[in-house]
Amino acid sequence: MTRAVHRRMLPLLFMASVLLTGCWDRVEIDQRGFVVGVGIDEPDKKEGEKQDTSIQDNDKQSQDNQSASSKQTFKVVYQIVMPAGLSTNKSDGGSGGDKAYFNMSVEENAMATSMAKLSQRLSRAPFFEHLKVIIISESIARKPQKFAEAIDFFLRESQMRRSTRVMVTRDKAANILNTHPPDQKLPAQYLEELSDNTKESSRILPESRIGDVHEFLLKHKSFAIQGVKNGSPNYSTVTEAAVFNGASNQLVGFLNNKETAGLNFMEGHIKGGQIKFTFEDRLGVFSIERASRKLDCTFGRDNLPSFIFHIEVEGSVDEVFHAPDTLKEPAISAMETGVQKEIVKLMESTANKLQHEFNCDVMGLREYLFHNHYRWFKQHENQWEEEGKLFSTRPVQMDVKVSIRRSGNINLTED
């Protein structure tokens, strides 16, 4: 070949080499171990573990340091997909089909090394891009900094999605990952979909994404995330809220389902749901269609703020026992008052617990002061929750207005 031909071929060879190197790290899909759920518990206590008291003082200190670094502080349960089970029409191996998942537990003192140990046991390389939920037990979350340590690996992992859900449970996380409803093949997928049912219930906190949790941790801001309870092997519930202190990044307690509804009203997260109310010794059910929230504050002579939540709710009456004529104005007004009192009760119960029991501002007061009264906030920032505990002493009022747009297809029921 002539030199001219060589010169023409060189660019083509260079482009081919660049294009061919694009698949150097390719892994076939059947060689991946898809991890869809992770549960983090404390390791099981083993009986008969005793310390050797015959060690000399100089040697004992070095051994303590070594044992502290090798102590297994996490029991991690990984839920891994079995593709053959997903392709069948059966949801459970016991009903004639292949099981769609299996759980494998590893005990380690760091999440990264637990994943490495998992790799030693799996025939397929662990793959986290499809991770749906991370369940952390109360025993881990209540220890200072342990919650942040538990999710640090997942925040740094390049495969991880920022939309992965994070939940806290009073139970063992392993038990939650064993919840297997008949209509779902994967417990992790069931939990992810369950966390999205905020339009159907006012008692479910908005989904807690790992990206949002990371932001809370960086800002040292108190926050609340979804709490999950194991009702039975066939279902779990997410009608609790786990409250974390922003200074220590540790769990301080839970809000029950009613208090969680109150927090949703105060944060403006209501998308739907029902409210049971009473009026004139009758029981009714109000369905929420629209809800809006506005927060205001005023400063007194002591230069300290007082807050008032303005809540406007619209909806319809789904059910009334032994109702009077619901088309008449007195009956409508009485029902609106009944719903209004119930919402105020929910919000006051939540505010009382957050201020006087937890001293954690997850109601949005801190954010309001930061955006609307920045100078005052910077002067009193350290006194808000930590030192002066101003948050726990500030008056919070509830102004709720309820409008019933529809009372149903009938106006009377048999009394």
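A quick note: this is a predicted structure, and the numbers were derived from the prediction, not measured.

Novice: What should I look at first to understand the sheet that holds strand S12 (residues 305–320) in this one?
Specialist: Adjacent strands of a sheet pair through backbone hydrogen bonds, lying either parallel or antiparallel. Judged by pairing direction, the sheet is mixed, and its four strands sit side by side in the order S10-S11-S12-S13 without closing on themselves. Every other strand in the sheet has two partners, leaving strand S10 (274–279) and strand S13 (396–406) as the edge strands with one partner each. Direction aside, neighbouring strands of the sheet carry axes that sit 40° apart on average. One ladder, built from 15 bridges, connects strand S11 (residues 282–299) with S12; its direction is antiparallel.

Novice: Quick question: what am I supposed to make of empty space enclosed by the protein here?
Specialist: To find leftover empty space, one rolls a probe the size of a water molecule over the atoms. For the structure shown, the criterion picks out one cavity of 30 Å³ or more. Space inside the largest cavity adds up to approximately 40 Å³. Every residue lining the largest cavity is listed: Phe265, Gly268, Ile270, Ala291, Ser292, Arg293 and Ile311. No other element matches S11, which puts three residues into the lining of the largest cavity. Classifying every residue of the lining of the largest cavity by side-chain character gives four nonpolar, two polar and one charged.

Novice: Where do I start with unusual backbone geometry in this structure?
Specialist: For residues other than glycine, phi is negative in most cases, and the peptide bonds are mostly trans. In this structure, asparagine 249 is a non-glycine residue whose phi angle is positive, near 55°. Position of asparagine 249 relative to the elements: it lies in the loop between strand S8 (235–245) and strand S9 (250–255). The class of asparagine 249 is buried, set by a relative accessible area of 5%. The phi dihedral of glutamate 280 is positive, around 50°, even though this residue is not glycine. Considering the arrangement of structural elements, one finds glutamate 280 in the loop between S10 and S11.

Novice: Would you mind going over the pairing of strand S6 (residues 165–169) with me for this structure?
Specialist: Walk down a regular strand and you will see the side chains alternate between the two sheet faces. Burial analysis of S6 places five of its five residues in the buried class, which makes it a mostly covered element. Burial along S6 is two-sided: the face carrying Arg165, Met167 and Thr169 and the face carrying Val166 and Val168 are both buried. The sheet contact formed by strand S5 (residues 133–137) and S6 spans five bridges and is parallel. Residue pairing for S6: isoleucine 134 is matched across the bridge by valine 166. Across two bridges, S6 lies against strand S7 (residues 223–232) in parallel orientation. Along S7, the bridge assignment pairs valine 168 with glycine 227.

Novice: Before we go on, may I ask you to explain the pattern of salt bridges in this structure?
Specialist: A pair can form between side chains of opposite charge whenever their charged atoms are brought close. Applying the stated criterion across every chain yields a total of 22 salt bridges. Across the pair glutamate 259 and lysine 353 runs a salt bridge whose closest N-O atoms are separated by 3.2 Å. Separated by 94 residues along the polypeptide, glutamate 259 in helix H10 (residues 257–267) and lysine 353 in helix H11 (residues 329–358) bring together distant segments of the chain. Looking at lysine 353, the relative accessible area reads 16%, which means it is buried. Its salt-bridge partner being glutamate 314, residue arginine 290 comes within 3.4 Å of it at the nearest N-O pair.

Rules behind the numbers
- Residues numbered from 1 in each chain as written.
- Predicted model: local features only at pLDDT ≥ 70, side-chain atom pairs only at ≥ 80, totals over all residues.
- Heavy atoms only, no water.
- Pairing = 2+ DSSP bridges.
- Helix = DSSP H or I, 4+ residues; strand = E, 2+ residues; numbered from the N terminus.
- Axes fitted to C-alpha atoms, helices over the stretch in contact; angles between N-to-C directions.
- 1 Å grid on protein atoms, 1.4 Å probe; cavity = no way out; pocket = protein on both sides within 12 Å on 5 of 7 lines; lining within 4 Å.
- Points joined across faces, edges and corners; volume = space filled by probe spheres on them.
- Nonpolar A, V, L, I, M, F, W, Y, C, P; charged D, E, K, R; others polar.
- Buried < 20%, exposed > 50% of the residue type's maximum accessible area, 1.4 Å probe, protein only.
- Salt bridge = Lys/Arg side-chain N within 4 Å of Asp/Glu carboxyl O.

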